[in-house]
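Listed below are the residues making up each chain.
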Amino acid sequence: MLDTSSLQDGTPDKITCLNDLIHILSFTENLHICHGIKYMDYNVLPPVTKNISGSVVGQYDPLTGCRRSVSCPVLITHGIYAKSCNHCSNLRKHISAQLSRLNKSEKQTDFTNSGSKVNKRFLTIDQIIEREQDQKRRRVNAEQRGKYWQLKALEEKNMRRLAEQDNQDLLVMFETINKEQPFVDNPEMAMFWELQKDVISKSTNRRQIRCQSYRPGTNKEMLVLMKKMADEAKLSPVGYCGCILFDEMSIQDDVQLRRTGDSFEIVGLVNLGEVYNNIQVLQTGEDRSAVASHILQFMFVGSTGFKFPCCYFPTVEVDAATLYHTFWDVVFDLHEYGFDINLCICDGAEANRSFIKYHFDNLDIIKENFTTTNLYTGEPMIFMVDPSHNFKKLRNNLLKSTTGKSPRLFEFCGYQMLWSHLKEAFIYDVDTNPTATFKFLTPEHFDPSSAGEMRNYLADDVLGKRMLEVLKNYKRHREQVSETSASFLDKTIKFIETTRTLLKNFKAKSPYSFKTKFDVFSMIIGFKSFCKTLLTKFPGCQVSVSLLNQDALENFFGEQRAQNGQADNPTVLQTEHATPAIVQMKNIKEHKGNCMLPSVIRC
């Protein structure tokens, strides 16, 4: 039966005028018949199509030889080029899904019956012959693929050789033309030639950096590159004299394979040199390898700002004795390439503190000004604990100062210095003032997470001069509201003044631990000793205080993580691949790390 309900839209019931007749004629002219669904593959399906609930949604029409939806209007009023109505189009999708499921089940049945995973004893003769032919075909294809990839590798090897030859030819041509001083009479071409010289030089340097092999230990290739980059930067003699930073970064406990030509090498094991291996054999009586969990990174920072990650060692939390031998090996290798070390900066870890004490035996380190003698040059060698870590340590000690059963309750002259004083001052400043005194202070500064406790800038903000202003404003507010003295805040304010100026209050009796006092003394006295040594060696030179910390090394760790998809702990192999790119990309900005760039550090 023809469904004419869809034909009534927009058509008049009666012809009352000429316009109605014209409208009806144009409407009937655009009508065409729905062709349903015609596809030979659908013949394998049942003539009646049902949906999930079991209702009939379509059936086969033997007169027209096609399938139609039960809701098909036969006549189509929309789309001049449409061959089927919307109902039949939806039915086509439903039938296609049924056919796809049917074909998939048949393939699974054929695969099961083919005998590919059936024991040969249970196969028929035809199935055995079919299996043997399939195995022969697979073997021939594998041999062809092997030959193809061998030829492909040989072709790539030849292309690399030709590229290197072309590069050498271009360099020879470049040097020859440059010596002849071309385009003397044409200033425009001379300027163009100078620009091309700069482009070629930078391209050559980038290619050499990418081709460098950054292997564990003191790598000769990286030291040669370091020397070359320093010479190209035209450093003054004081630029070749500086400090060495070292710190450990956690990595994944993973063993990987590094391919070199046709051979493979295991990467990810502890590699601290021959001295460490011999000591381990003497201590344990066994020659065993261990999977590295940390990387000990060394970085050179010159007095004029030149920085270079000179070497690294996969370790398992290096001890003080191993650190002693490794450090002086690195100092010797740097000295061989013209870089003199007069200062060593490290954090306040227990192993690092013991490493410093090894150089003084039973002597008073403070009286010796944290200064010993360089074993290779005879010049002073100063040890200094990283200032950024010291600020974090002071902040963490104050963070534990509470009125409860806290072992770090700070008291001075009967007054308590509590972390709650800072927190209450911050809350008052946010709730009362329309514009915060220090807009960079956030709740994370006063309730830091485990990761926040490692951020240098959080400690700098809390212990800086802006926090001092917030505290003083809070004290005036308490005195105005209660009309009594808020003297309980005086010692906390004095503490912030002390951390800001780092005056002689550190020498007085204080609630800080001996380790904290050791680190602070090393920071202050070590810096004075380094300034004295550098100014004696290079009279009239400048000492940049912002370079004498581990921020450069922490930024380098942040770059390592950024190069590997923000991985918190990259592998040894990922570190090898990322380091040349980091050396090449000098202007990278890190968004994850334990410190901020010097240009954005807030006080």
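Preceding this section is the structure that the text describes.
Keep in mind the model is a prediction, meaning the values are calculated, not measured.

A. Representation of the sheet that holds strand β12 (residues 371-373). Overall, mixed pairing links the 6 strands, which are arranged β10-β9-β6-β11-β13-β12 in an open sheet. With one partner strand each, in any of the chains shown, β10 (307-315) and β12 form the two edges of the open sheet. Taken pair by pair, the neighbouring strands of this sheet meet at an average axis angle of 25°, ignoring direction. Two elements, strand β9 (residues 294-302) and β10, share 7 bridges in a ladder whose sense is antiparallel. Counterpart to Q297 in the pairing with β10 is Y312.

B. View of the pairing of strand β6 (residues 241-250). Within β6, 8 of the 10 residues are buried, which leaves the element mostly enclosed by the surrounding structure. In the sheet, β6 pairs with strand β11 (residues 340-346) via 5 bridges, with the strands oriented parallel. Each residue of the ladder has a partner; that of C243, found in β11, is L343. Summarising the sheet, β6 and β9 pair through 9 bridges and their orientation is antiparallel. If you follow D247 over to β9, its bridge partner there is Q297.

C. Region of the structure containing empty space enclosed by the protein. Counting across every chain of the model gives 1 cavity of 30 Å³ or more. Approximately 60 Å³ is the volume attributed to the largest cavity. What lines the largest cavity is simply G242, C243, V301, G302, S303, F530, L534, V543, S544, L547 and L548. Those elements giving two or more residues to the lining of the largest cavity turn out to be β6, β9 and α15 (514-537). Here the residues of the lining of the largest cavity are counted per class, giving 7 nonpolar, 4 polar and no charged.

D. The arrangement of unusual backbone geometry in detail. Here E317, not a glycine, exhibits a phi torsion of approximately 50°, which is positive. Backbone geometry places F370, a non-glycine residue, at a positive phi of 55°. Inspection of the secondary structure assignment puts F370 in the loop between α8 (350-357) and β12.

E. Structural detail: a nonpolar patch on the surface. Among the surface-exposed residues, I15, L18, L21, I22 and L25 lie close enough to one another that they form a single nonpolar patch of about 490 Å² accessible area. Positionally, L18 belongs in helix α1 (residues 18-29). Assessed through its relative accessible area of 59%, L18 is described here as exposed.

F. Up close: the side chain of N352. Topologically, N352 is positioned in helix α8. Of note is the side chain of N352, whose polar atom sits 2.4 Å from the side chain of D347. In contact with N352, other than residues within four places in its own chain, are F246, L323, C346 and D347.

G. Representation of α8 in the model. Among all positions in α8, only N352, R353, F355 and I356 are buried. Viewed along the axis of α8, the buried residues span an arc of 155°, placing them on a single side of the element.

H. The packing of aromatic side chains, seen in detail. Inspection of the entire model under this criterion finds 16 aromatic pairs. Plain terms: the ring middles of F298 and F313 are 6.0 Å apart, the flat faces sit at 85° to each other, and that makes the pair edge-to-face. Remark: F313 occurs in strand β10 and F298 occurs in strand β9; sequence separation between them is 15 residues. In this structure, F298 and F313 share a single accessibility class: buried. Ring geometry for W328 versus Y376: centroids 6.1 Å apart, planes at 65°, classification edge-to-face. Of the two residues, W328 sits in helix α7 (residues 320-336) while Y376 sits in the loop between β12 and β13 (380-385), which places them 48 residues apart along the sequence. Given the relative accessible area of 3%, W328 is considered buried. According to the relative accessible area criterion, Y376 is partly exposed, its value standing at 35%. Ring pairs connect the aromatic residues F246, F298, F313, F327, W328, F332, F355, F360, Y376 and F383, which therefore count as one cluster.

Cut-offs and rules
Residues numbered from 1 in each chain as written. Predicted model: local features only at pLDDT ≥ 70, side-chain atom pairs only at ≥ 80, totals over all residues. Heavy atoms only, no water. Pairing = 2+ DSSP bridges. Helix = DSSP H or I, 4+ residues; strand = E, 2+ residues; numbered from the N terminus. Axes fitted to C-alpha atoms, helices over the stretch in contact; angles between N-to-C directions. Buried < 20%, exposed > 50% of the residue type's maximum accessible area, 1.4 Å probe, protein only. 1 Å grid on protein atoms, 1.4 Å probe; cavity = no way out; pocket = protein on both sides within 12 Å on 5 of 7 lines; lining within 4 Å. Points joined across faces, edges and corners; volume = space filled by probe spheres on them. Nonpolar A, V, L, I, M, F, W, Y, C, P; charged D, E, K, R; others polar. Patch = residues over 30% accessible without salt bridge, like charges linked within 9 Å, V, L, I, M, F, W, Y side chains within 5 Å. Areas by Shrake-Rupley, 256 points an atom, 1.4 Å probe, with all protein chains shown as cover. Salt bridge = Lys/Arg side-chain N within 4 Å of Asp/Glu carboxyl O. Polar contact = N/O pair within 3.5 Å; in protein donor to acceptor, adjacent residues only side chain to side chain. Contact = heavy atoms within 4.5 Å. Arc of directions from axis to C-beta. Phe/Tyr/Trp six-rings, centres within 6.5 Å; stacked < 30°, edge-to-face > 60°.

Honestly, it's all geometry; don't read function into it.
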